[in-house]
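Structural overview
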Amino acid sequence: MIPGARLIILGRQGAGKGTQCVRLSRHYVVPHISTGDMLRAAVRERTELGLMAKEIMDAGGLVGDDIMIGLVEERLGRPDASTRGYILDGFPRTVTQAEALDEITADRPIHVVIDLDVPREIVLERISARRVCRDCGTNYTASGHDPSPWICDVCGGDVTQRDDDTPDAVNNRLDLYESQTSPLIEHYQLKGSLVVVNGVGHPDHVFKRLTDVVEGRR
Ligand code: ADP
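The present account deals with the structure reproduced in this document. Computed from a predicted structure; not experimentally measured.

1. A look at unusual backbone geometry
- Cis geometry is adopted by the peptide bond preceding Pro 92, which originates at Phe 91 and carries an omega value of -5°.
- Within the secondary structure layout, Pro 92 lies in the loop between strand 3 (86-89) and helix 6 (95-104).
- Residue Pro 149 is reached from Ser 148 by a cis peptide bond, and omega for that bond is -5°.
- The phi angle at Val 29 is positive, at roughly 50°, despite the residue not being glycine.
- Mapping Val 29 onto the fold places it in the loop between helix 1 (17-28) and strand 2 (32-34).
- The residue Arg 46 is not glycine, and still its phi comes out positive at about 55°.
- With respect to the helices and strands, the residue Arg 46 is situated in the loop between helix 2 (35-44) and helix 3 (48-58).

2. Here's the deal with the site of the ligand
- Taken together, 19 residues surround the ligand, and among them Gln 13, Thr 35, Arg 40, Gly 61 and Gly 90 come closest.
- The backbone of Gly 61 places a nitrogen or oxygen atom 2.5 Å from an oxygen atom of the ligand.
- Here a nitrogen atom of the ligand and a backbone polar atom of Gly 90 are 2.9 Å apart.
- A total of 540 Å² of accessible area belongs to the ligand in isolation, and the protein chains cover 97% of it.
- Take the shell around the ligand: its biggest share by element is 4 residues, from helix 2.
- Here the residues of the shell around the ligand are counted per class, giving 6 nonpolar, 6 polar and 7 charged.

3. Considering the nonpolar core
- Counting residues in each nonpolar core, the largest one holds 25 residues, and the members touching the most others are Ile 8, Leu 88 and Tyr 188.
- Of all the secondary structure elements, the ones that give two or more residues to this core are strand 1 (6-10), helix 3, helix 4 (65-76), strand 3, helix 6 and helix 9 (183-191).
- In terms of residues, this core owes the most to one element, helix 4, which gives 4 residues.
- Counting 18 residues, the second largest nonpolar core, distinct from the first, contains Cys 21, Val 195, Val 206 and Val 214.

4. Section: the pairing of strand 4 (residues 112-117)
- Among the 6 residues that make up strand 4, 5 are buried, leaving the element largely enclosed by the rest of the structure.
- Looking at chain direction, strand 1 and strand 4 are connected through 4 bridges and run parallel. Of the residues in strand 4, the one forming a bridge with Ile 9 is Ile 114.

Cut-offs and rules
Residues numbered from 1 in each chain as written. Predicted model: local features only at pLDDT ≥ 70, side-chain atom pairs only at ≥ 80, totals over all residues. Heavy atoms only, no water. Helix = DSSP H or I, 4+ residues; strand = E, 2+ residues; numbered from the N terminus. Near = heavy atom within 4 Å. Polar contact = N/O pair within 3.5 Å; in protein donor to acceptor, adjacent residues only side chain to side chain. Areas by Shrake-Rupley, 256 points an atom, 1.4 Å probe, with all protein chains shown as cover. Nonpolar A, V, L, I, M, F, W, Y, C, P; charged D, E, K, R; others polar. Core = buried A, V, L, I, M, F, W, Y, C linked by side-chain atoms within 4.5 Å. Buried < 20%, exposed > 50% of the residue type's maximum accessible area, 1.4 Å probe, protein only. Pairing = 2+ DSSP bridges.

Written out as structure tokens, the structure reads:
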């Protein structure tokens with residue numbers, strides 16, 4: 001085990017980031033910081049942030065940079081992340097967010113940024129079958145013969161389709177990924193911290209590729 005890993009996982013929606021990040025966070029015993037999960041929790045709790053974010057999320061848009069940067073800065077300052085490390089999932093998503101993160105992490109830089117690469121055609125197929133536990137975020141794949149109600153094996157929560165996994169919202173998110181998030185690949189390439197990992201294949205094989213990269217870089 002490598003203590004204190006600080007990682008960013010980039011990649012298209014539906015590339016399997018969430019599942020791999022949960023697994024990496026258990027493997028390296030560091031918190032999994034998912035901005036999507038933080039926003040979904042705010043929506044469930046009907047906080048001011050949640051009420052504002054819900055409409056944007058359901059349409060597949062992006063929540064404002066200032067709000068997201070504030071949220072992540074506060075989260076990275078908590079004891080678990082500031083002493084142990086973390087896996088950032090879903091942040092940064094714009095160049096503005098990446099530049100702010102460079103400042104926030106100036107004293108404790110990110111070890112490696114991984115672009116989990118899965119082509120658009122494949123992620124479209126995966127997202128339509130994606131089901132997620134509302135409580136712990138564990139991902140499942142629908143087969144057409146699924147239990148109803150569907151109960152999460154990990155925590156007993158309800159497994160459902162996300163409100164923003166409709167075809168229109170998914171296409172919006174993928175377009176935004178190409179225009180707003182893919183420039184980050186160049187940002188991190190220039191900093192020398194980017195590694196592209198092939199995200200196609202059995203999840204166990206993808207996980208092995210990810211840990212090989214992390215261990216090779218530290
Ligand atoms: P996915 O990767 O499947 O699109 P996430 O769970 O990472 O989904 O995020 C869900 C939604 O939350 C996004 O579509 C977006 O509306 C919002 N969101 C999450 N992270 C950010 C971020 N860093 N900046 C702006 N909006 C975000």
